[in-house]
Amino acid sequence: MFPQLFAIFAFATCGGYSGQMRVSVDCINKSDSNLSIAINFAYPFRLNQVEFDVPMCEGRRQERLYLIGDFSSSAEFFVTIAVFSFLYSLLATVVYIFFQNKYRENNRGPLIDFIVTVVFSFMWLVSSSAWAKGLSDVKAATDPDEVVLLVSACKVQTNKCSSLYGPRWSGLNTSVVFGYLNFVLWAGNIWFVFKETGWHKGGAARYPASSLEKQTTAFNQQVYNQGSFDQSGATFTGTGDFAQSEYSQVGNYSSSGPISYTNQ
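Residues numbered from 1 in each chain as written. Predicted model: local features only at pLDDT ≥ 70, side-chain atom pairs only at ≥ 80, totals over all residues. Heavy atoms only, no water.

Here the focus is the overall build of the protein. Broken down by element type, the protein carries seven helices and five strands. Scanning the protein from its N terminus toward the C terminus, one meets helices and strands in the order α-β-β-β-β-α-α-α-α-β-α-α. The burial tally for the protein puts 28% of its 264 residues in the buried class. When the accessible surface of the protein is totalled, it reaches about 16,700 Å², and 61% of it is carbon and sulfur. (Helix = DSSP H or I, 4+ residues; strand = E, 2+ residues; numbered from the N terminus. Buried < 20%, exposed > 50% of the residue type's maximum accessible area, 1.4 Å probe, protein only. Areas by Shrake-Rupley, 256 points an atom, 1.4 Å probe, with all protein chains shown as cover.)

What follows covers helix α6 (residues 170-194). In a regular helix each residue adds 1.5 Å, so 25 residues correspond to 36 Å; α6 covers 37 Å between its end C-alpha atoms and thus fits that length. Turning to α6, its buried residues number three or more, namely Leu172, Ser175, Val176, Phe178, Gly179, Asn182, Trp186 and Val193. (Expected span 1.5 Å × (residues − 1).)

This part takes up the nonpolar core. Core analysis: the biggest nonpolar cluster contains 42 residues, and Ile39, Phe41, Phe45, Phe52, Leu67, Trp124 and Trp131 have the highest contact counts within it. Among the secondary structure elements, those contributing two or more residues to this core are α1 (2-15), β1 (18-26), β2 (34-42), β3 (51-55), α2 (72-98), α4 (108-141), α5 (144-148) and α6. Residue contributions to this core peak at seven residues, all from α2. Once you skip the residues sitting within four places of it in the chain, Phe41 turns out to touch Tyr17, Ser18, Gly19, Gln20, Leu47, Val50, Val138, Thr142, Pro167 and Trp169. (Core = buried A, V, L, I, M, F, W, Y, C linked by side-chain atoms within 4.5 Å. Contact = heavy atoms within 4.5 Å.)

Right, let's get into the sheet that holds β1. A sheet is described by the order of its strands in space; here three strands give the open sequence β2-β1-β5, paired in antiparallel fashion. At either margin of the open sheet sits one strand with a lone partner, and together these are β2 and β5 (160-165). Mean inter-strand twist for the sheet, computed between neighbouring axes without regard to direction, equals 25°. Relative to β2, β1 runs antiparallel, the two sharing seven bridges. Looking across to β2, one finds that Val25 is bridged to Asn34. (Pairing = 2+ DSSP bridges. Axes fitted to C-alpha atoms, helices over the stretch in contact; angles between N-to-C directions.)

This part is about the packing of α1 against α6. Angle between the axes and distance between the axes: these two values describe a pair of packed helices. For the pair α1 and α6, the least separation of the axes is 8 Å and the interaxial angle reads 155°. Considering their axes alone, α1 and α6 lie roughly antiparallel with respect to each other. Two packed elements cross with a definite hand, and for α1 against α6 that hand is left-handed. Here Phe2, Pro3, Phe6, Ala7, Phe9, Ala10, Thr13 and Cys14 of α1 lie close against α6, whose contacting residues are Gly171, Leu172, Thr174, Ser175, Phe178, Leu181, Asn182, Leu185 and Trp186. Considered class by class, the residues forming the contact of α1 with α6 number 12 nonpolar, five polar and no charged. (Parallel < 35°, antiparallel > 145°, perpendicular 65-115°, else oblique. Left-handed = near helix turned anticlockwise from the far one by under 90°. Nonpolar A, V, L, I, M, F, W, Y, C, P; charged D, E, K, R; others polar.)

Let us look at the confidence of the model for the protein. In the predicted model, the protein carries a mean pLDDT of 79, and 73% of its residues have values of at least 70. Within the model, pLDDT remains below 50 along residues 203-216, and this stretch shows zero contacts once partners closer than five positions in the same chain are excluded. Scored below 50 in pLDDT, residues 223-264 shows zero contacts in the model against residues more than four places distant or in partner chains. (pLDDT = per-residue confidence, 0-100.)

Rendered as structure tokens:
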């Protein structure tokens, strides 16, 4: 559940963003001034396609300007990873709930799940870092004080240019935070997925077997030593009995002999 929610927050805060800033150009001729120039931009932050008109302070003439920079690659990469991770985590949840037996039927399912989890963990780290750098560049390119410098009329000292307010970055800052939270979540999930693979189960089964084998060997050796001692004692006792029995028989034979001869 958490991977889906975090992925939704990540691509919603980034992909649904739109910002605005306002600057003013106060010409020496007040009729040529424009004291509220709105500049709007949004995802995917192709700022070089964002246009706005400003007065030139030369009659009614205006010039069309564009912001600087194209930061769509890092933003779209970040959103793409968020969307695909959401779809995969949703699919994995369905498999865990409704197809648990097939998932555990062989090692292929857990193995694929483990590899995909590792890949998404790495991609979340890369995309979040790339988007954090891209966001820093977007903030610099949309700084109202820097945008004012693009206006030709603002280079004339008799004209006064100023920034009214800049964009709000709370939503995009949140997207970066959720990006790194997704990385932590997916990286932490690697261990739990690894436990389902045959690699972990094979190792877990192998070590107890070795321990049991050592215990069995030690027990057999102990039993063997005790049996050997008992057999030796029994052999000695049997030998003694045999000697005593043989001696008794010889004595009986000798004593019966003279009686036989006397009778004759």
